[in-house]
Amino acid sequence: MIPALDTIFSRLRLRQLRLLIELDRCGSLHKAAEAMGISQPGATKALREVEDILGVPLFQRQPSGLMANDVGRCVVRYACLIQSDLGHLREEVLGIVQGQGGRLAVGSIMGAVPLLVGALGRLRRRQPQLAVEIAENTSASLLGQLDEGRLDLAICRPGLGRNAGDYVFHELAQEPLAVVAHPQHPLAALPELTVADLSQFRWIVYPANMPMRQALERELSEAGIEVPRYPLETSSTFATFMLLEEDPTLVAVIPRTVAVFAEQRGLLVSLAVRLRALSEPFGVVYRHASPLSHAAQLLVDELVQGA
């Protein structure tokens, strides 16, 4: 039986996790021990201790060396995440102690990326030693990462979280939408279109139950058009651009700010179709229970002032 979290927390050591990472990399207790500067018997003992704590074996011997089993690969993956988080912790503490720099992990929905990039540019001119990690995803995913402590703040819609009351929310903007396509799309040159004119084309859409997907389905429904049966689903901006490039007959709905950026660079065109903005505005979101760091508060100030 897998032990309780408190048991794992009290018995597991960071050095044991590092051994798992090295053992997965090297495939040998001898080489893993060398990499850590410990004896092979010490490495063997540490591995047995971890397997005893979790109650399951993590590695199996193969002709090519020790190989992680399914559970072992899972544990190694989380060991790598913990190692990465400790590196981020060091950067942030160093920034606080030195009174400058630090580290920020920020999430953003697609339509807010231009606003975020502008705010970060202004902030980094003031704080050139600031390290920043940017995650682009859906509001639901970003709020989940915020709840897990993976993000300091997010630019998204708080209504998609498990409990909107857990968050502080500073409204920034509405999100106008655009229908886009490859410059060679059959409808690209037409001066005026309706949603009905697009019924014969396949769509690139956001995943189900996401606000941008719901906005498209609402527009189609009101026009009396059947919801696309075989759409291509993605929340990735780059994937959307690549799909439009690969198939010039596809159409997609993306935030107008992103469409303007891509159109100015010849990546796509906005079709002459009017869609309403999403009903819920986006903004800066962070948890009531997690006070912002100095750097995070500076970024919030830049975002609010620049909106």
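These numbers come from a predicted model, not from an experiment.

Trainee: Help me get a handle on helix 3 (residues 29–36), residues and values and all.
Mentor: An α-helical turn contains 3.6 residues, so any two residues separated by three or four positions project in the same direction. Every buried residue belonging to helix 3 is among L29, A32, A33 and M36, and all of these are buried. Summarising the axial view, the buried residues of helix 3 lie within an arc of 100°, below the 170-degree limit, and thus occupy one face. The N-terminus of helix 3 is capped by S28, whose side-chain oxygen sits 3.2 Å from the backbone nitrogen of H30. Positioned one or two residues after helix 3, G37 has a phi angle of 75°, which is positive.

Trainee: So, the UniProt feature "domain: HTH lysR-type" (unreviewed entry) in the protein: which residues are in play, and what are the values?
Mentor: Under the present numbering, the feature "domain: HTH lysR-type" (unreviewed entry) in UniProt falls on residues 12–69. Split by type, residues 12–69 is 62% helix and 14% strand. Its first and last C-alpha atoms lie 19 Å apart.

Trainee: Give a description of the pattern of salt bridges that names residues and reports values.
Mentor: A full pass over the atoms with the stated rule returns twelve salt bridges. Salt-bridge contacts for R122 lead to E302; the nearest nitrogen and oxygen are separated by 2.9 Å. One end of the pair, R122, is in helix 6 (residues 113–126); the other, E302, is in helix 11 (residues 294–306), with 180 residues separating them in the sequence. Judged by its relative accessible area of 31%, R122 is partly exposed. Owing to a relative accessible area of 9%, E302 belongs among the buried residues under this scheme. Across the pair E302 and R126 runs a salt bridge, and its minimum N-O distance is 2.8 Å. One end of the pair, E302, is in helix 11; the other, R126, is in helix 6, with 176 residues separating them in the sequence. A network of salt bridges, in which partner residues are shared, links R122, R126 and E302.

Trainee: How would you summarise the sheet that holds strand 5 (residues 153–156) if you had to cite specific residues and measurements?
Mentor: Spatial ordering of the open sheet is given by 4-3-5-12-6, a layout of five strands whose pairing is mixed. Of all strands in the sheet, those bounded by a partner on one side alone are strand 4 (131–136) and strand 6 (167–173). Mean inter-strand twist for the sheet, computed between neighbouring axes without regard to direction, equals 20°. As paired elements, strand 3 (residues 103–108) and strand 4 share six bridges and run parallel to each other. Opposite G107, over in strand 4, you have A135 as the bridge partner. Packing of helix 6 onto the sheet brings it into contact with strand 3, strand 4, strand 5, strand 6 and strand 12 (282–287), and relative to strand 4 it is tilted by some 180°.

Reading the values: the criteria
- Residues numbered from 1 in each chain as written.
- Predicted model: local features only at pLDDT ≥ 70, side-chain atom pairs only at ≥ 80, totals over all residues.
- Heavy atoms only, no water.
- Buried < 20%, exposed > 50% of the residue type's maximum accessible area, 1.4 Å probe, protein only.
- Helix = DSSP H or I, 4+ residues; strand = E, 2+ residues; numbered from the N terminus.
- Arc of directions from axis to C-beta.
- Polar contact = N/O pair within 3.5 Å; in protein donor to acceptor, adjacent residues only side chain to side chain.
- UniProt positions renumbered as here; feature names shortened; annotations may be inferred.
- Salt bridge = Lys/Arg side-chain N within 4 Å of Asp/Glu carboxyl O.
- Pairing = 2+ DSSP bridges.
- Axes fitted to C-alpha atoms, helices over the stretch in contact; angles between N-to-C directions.
- Contact = heavy atoms within 4.5 Å.

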